[in-house]
Amino acid sequence: MFGWTGVFLNVDLNRNKAVAESYDHSMALNFIGGRGFAAKILWDSLMPGLDPFSPENKLIFAAGPLTGFGLPNSGKLVVAAKSPLTGGYGDGNIGTWAAVQMRKAGYDAVIIEGKAETPVVLHIKNDVAEFIDAKDFWGLTSFETEAQLKAIYERTAGIVSIGPAGENLVKFATVVSQEGRAGGRPGMGAVMGSKNLKAMVFDGNNEIPAAYPKDMKELSAAGYREVMTKPNYAFWKRQGTMSTVEWSQENSALPTFNFREGVFDKADKIGGFAMEKIKVGNRGCPQCNMTCGNVVKDSDRKEAEIDYENIVMLGSNIGLGNLKQVAALNRVADELGLDTISLGNVLGFAMETSQNRRIPEEIQWGKFKETKALINDIAYRQGFGDVLAEGVQAAAAKIGHGSADWAMHVKGLEISAYDCHAAPAMALSYATSSIGAHHKDAWVISWEVQFGRESYAEEKINKVIEMQRLRGGVFESLTVCRFPYAELGFELEWYTKYLHAATGRELPFNTLIYAADKILNLIRAFWIREYANNWTREMDSPPIRWFKEPLTEGPLKGSMLDPMKYNNMLKKYYKKRGWDARGIPKKTTLKKLGLSDVAKQLGEYVKLTE
Ligand code: SF4
C-alpha cells in the first residue's frame, strides 16, 4: 500500500504492551485516515454506554495519507475518544511534529486502551515502544513536560502531553503540543489523564511509502510556492486569524459578555492591529509556511501564542479588553491544558450567573487577576472551579435557577467564537457539527454575511452540508489544515494531485466526498447509539439565548433567531441528509453509503426508518 503505512499500533496500558497490526486496503479507501479512522475504530470497538473515563475507552491518535510527506499544511493528526464532556463522539486536530514522527515511525494511528497503574510517558521509536515512569512529570504543566522531555529525547522527537487539567479530569482538558498547539476540545486531555498517560514522544526515521516520490517532491515545492502567491498571503502572515476580531465586530458576531451581545466597546484593543503592536514572531504547525500562531509578549512578560478564538473567548466574551492580559490568560490555559473556547464559555457563564445572583460567589466581568485565579481553580478543581470543570451544561444543571438559559453549548460542547443571534446558517452548523458546537466543520458565517444575514433560505442549508463534507469530512480525515483553502483560496485540485503522488490512486473529489458522507453518518450513528431513546431533535438546536434574548446593541440591535424558521431549516437539513424527522439516518441512507452493518447494529438501539 502506498501513502498509508498500513499499520496501527495498539497500546494496552494495563499490560504495558504495544502491538503493531496491519489493516487492509478497504479501511484506508473507505475511511481515509484521521477522523475517519477514529470514527470507525470507536464505532467497532466501544460498548455503548461506556464510561468515557473507564480503561476500555480508546484514545486514538490518527493521521491521514498525506501527513509526513512535507506537503504544505499537512503536519497534523486527529486525537479522538468517546467524550467525557458530551457523552458522544469527540475529537480535535493538532498541528504537531508528533503527527509527522508517528507516520515516520511507521503508524497511521496509535490506539490506546487500558489504564497505567502509575503515570507513564509512552515513547515510540519506530517499532519499539517504551513505557517510562512519569512520576517526575505528573503535576507539571504541558509546557514544562514538553521542555523536559525534549531535553531527554531526540531533537527531532514530536511530543504531545497533558497539563494538570487533564490529570484532574477537567471535562474540557485538551492535549497540547509545542507550547500552544492544542486539540481535542471535548475532553481528550481528560481521557488521556484517566489513563495515567502524561505524554507521548514519537520518533521515527522510516521512509513513508509514496507511489511517486519524485512527483511528491515537485508537488510539495510547487504547493508552497503557490500558497505564497495568493493575494491574502502577506496579510495572513501579519495577522493570521486575528483580523477576524475586527470583522466580527463590524458584523455583530463578536461574542461579548457570554454571547449576550455581538459587539464589544474595546474590540479595537484586542484586534489584529492592536496585536501587531506587541507581536514578536510567528509560530505554526510543522511543514506550514502560513504559520498563523501570533506570538506576543503578554502581561506576565512571557511569550504567548494567540489566535482569534482564544482572544475572543478570553477577551470580549468575559469583558476583558486588555490584549496583553488576555494573552496571559490564554498562555496559562495552554500550560494547564484547558481548552480556551470552553474555558471562555464557563468563565462568561460564571460571571453572568454571579451578576444575576444565582450563585453566592462574586465573579466579576473583566477582572484579570481574579479570572486567572479562577482558571487555576478550574484546572485543579478547587472550590467553585470544581463545578465549572464539568463544563457549562453540567454547571448550569447543578446551579439551576434558570441559569441553563445562559449556558452556551450544543450537546454539551461549548460554542466557539461566533455570535449567531443573526446568523441562522452558522447556528445550524454549530447545532449539527459532529462533536457538538464547533466551527471547524462548517465555518459559513463569512459567506452568510454576504448572502444575507437573516435569511433561512435553502442555499444556507446546502452551504452547511457542503462545508461539513469538505472541512469536517475530507480535511479532518486527510488531517490537512483548512486555512489554505478557506483563507487563501488554495485550490482543491492540489489535494487530488497530492493523493495521486502519495497513493498511486486517482481519488477525485467526488470519491472523497462520498467517503466524507460515510464518515459523518458513522459519527452520527455513534451519537445515536450512545443516546438511543434519549436522543431528541432538540439536541440539534443552538442555545436558547439566541432565540429568546435579542441583541441590545450594535447595527443588528433587535435581532435574534426565529424558532419556527430554524426548525423548518433543520427539518430540510435532515431530509437532505437522508435522516428521519428525529435526525436519525434512515436505513436506506446507511445502505447507500456502504454502512449496512451499521444500520443493523443501530437498529438494535433505536427503530430505524426505511
Ligand atoms: S495555517 Fe496555522 S493552523 Fe494551519 S497548518 Fe499553518 S500554522 Fe497550522
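Data block above holds the structure.
Model, not experiment: these values are computed from the prediction. (Residues numbered from 1 in each chain as written. Predicted model: local features only at pLDDT ≥ 70, side-chain atom pairs only at ≥ 80, totals over all residues. Heavy atoms only, no water.)

If you trace the three strands from one edge of the open sheet to the other, you get 13-14-15, paired in antiparallel fashion. Strands at the two margins of the open sheet, each flanked by one partner only, are strand 13 (279–283) and strand 15 (303–306). For this sheet, the mean inter-axis angle between neighbouring strands, taken without regard to orientation, is 30 degrees. Of the strand pairs in this sheet, strand 14 (residues 293–297) and strand 15 are connected by four bridges, and their pairing is antiparallel. Bridge assignment links Val295 to a residue of strand 15, and that residue is Glu305. On top of the sheet, helix 13 (residues 323–336) reaches strand 14 and strand 15; it is set at about 90 degrees to strand 15, its chief contact. (Pairing = 2+ DSSP bridges. Helix = DSSP H or I, 4+ residues; strand = E, 2+ residues; numbered from the N terminus. Axes fitted to C-alpha atoms, helices over the stretch in contact; angles between N-to-C directions. Contact = heavy atoms within 4.5 Å.)

Glancing now at the packing of aromatic side chains. This model, assessed by the stated rule, comprises 25 aromatic pairs. Centre to centre, the rings of Trp494 and Tyr498 are 6.1 Å apart; their planes meet at 45 degrees, and the pair counts as tilted. Within this pair, Trp494 and its partner Tyr498 are both found in helix 22 (residues 493–503), separated by four residues, close to a single helical turn. For the pair formed by Trp494 and Tyr498, the shared burial category is buried. With a centroid separation of 5.8 Å and an interplanar angle of 80 degrees, the aromatic rings of Tyr573 and Trp579 are classed as edge-to-face. Under the relative-accessibility criterion, Tyr573 is labelled buried at 0%. Judged by its relative accessible area of 5%, Trp579 falls in the buried class. Following the ring pairs from residue to residue traces out a cluster consisting of Phe475, Tyr485, Phe490, Trp494, Tyr495 and Tyr498. Taking the ring centre of Phe483 as reference, the NZ or CZ of Arg482 above it sits at 5.1 Å. Residue placement shows Lys497 over the ring face of Trp494; its charged tip is 4.9 Å from the ring centre. (Phe/Tyr/Trp six-rings, centres within 6.5 Å; stacked < 30°, edge-to-face > 60°. Buried < 20%, exposed > 50% of the residue type's maximum accessible area, 1.4 Å probe, protein only. Lys NZ or Arg CZ within 6 Å of the ring centre and 35° of its normal.)

Turning next to the site of the ligand. Close to the ligand lie Asn73, Lys76, Arg181, Gly284, Cys285, Cys288, Met290, Thr291, Cys292, Cys481 and Phe483, which account for all nearby residues. Counted by class, the shell around the ligand contains six nonpolar, three polar and two charged residues. (Near = heavy atom within 4 Å. Nonpolar A, V, L, I, M, F, W, Y, C, P; charged D, E, K, R; others polar.)

Each strand in a sheet pairs with another by means of backbone hydrogen bonds, the pair being arranged parallel or else antiparallel. Read across the open sheet, the six strands follow the order 2-1-6-3-4-5; overall the sheet is mixed. Of all the strands in the sheet, just strand 2 (17–22) and strand 5 (89–95) have a single pairing partner and so form its edges. Taking the axes of each pair of neighbouring strands and ignoring which way they run, one obtains an average angle of 20 degrees across the sheet. Note: strand 3 (residues 59–62) against strand 4 (residues 76–82), three bridges, orientation antiparallel. For Ala62, the partnering residue across the bridge sits in strand 4 and is Val78.

Located in the positive-phi region is Ile32, a residue other than glycine, with phi close to 65 degrees. Mapped onto the elements of the fold, Ile32 is located in the loop between helix 1 (25–31) and helix 2 (34–45). Using a relative accessible area of 4% as the deciding quantity, one classes Ile32 as buried. In this structure, Arg301 is a non-glycine residue whose phi angle is positive, near 60 degrees. Among the structural elements, Arg301 can be located in the loop between strand 14 and strand 15. Judged by its relative accessible area of 73%, Arg301 is exposed.

Turning to the packing of helix 13 against helix 15 (residues 368–380), a few remarks are in order. Relative to each other, helix 13 and helix 15 sit at 10 degrees, their axes nearing to 11 Å. The angle between helix 13 and helix 15 places the two elements in the roughly parallel class. Contacts between helix 13 and helix 15 pair Gln325, Ala328, Leu329, Val332 and Leu336 from the former with Phe368, Thr371, Lys372, Ile375, Asn376, Ala379 and Tyr380 from the latter. Across the contact of helix 13 with helix 15, the residue classes tally to eight nonpolar, three polar and one charged. (Parallel < 35°, antiparallel > 145°, perpendicular 65-115°, else oblique.)

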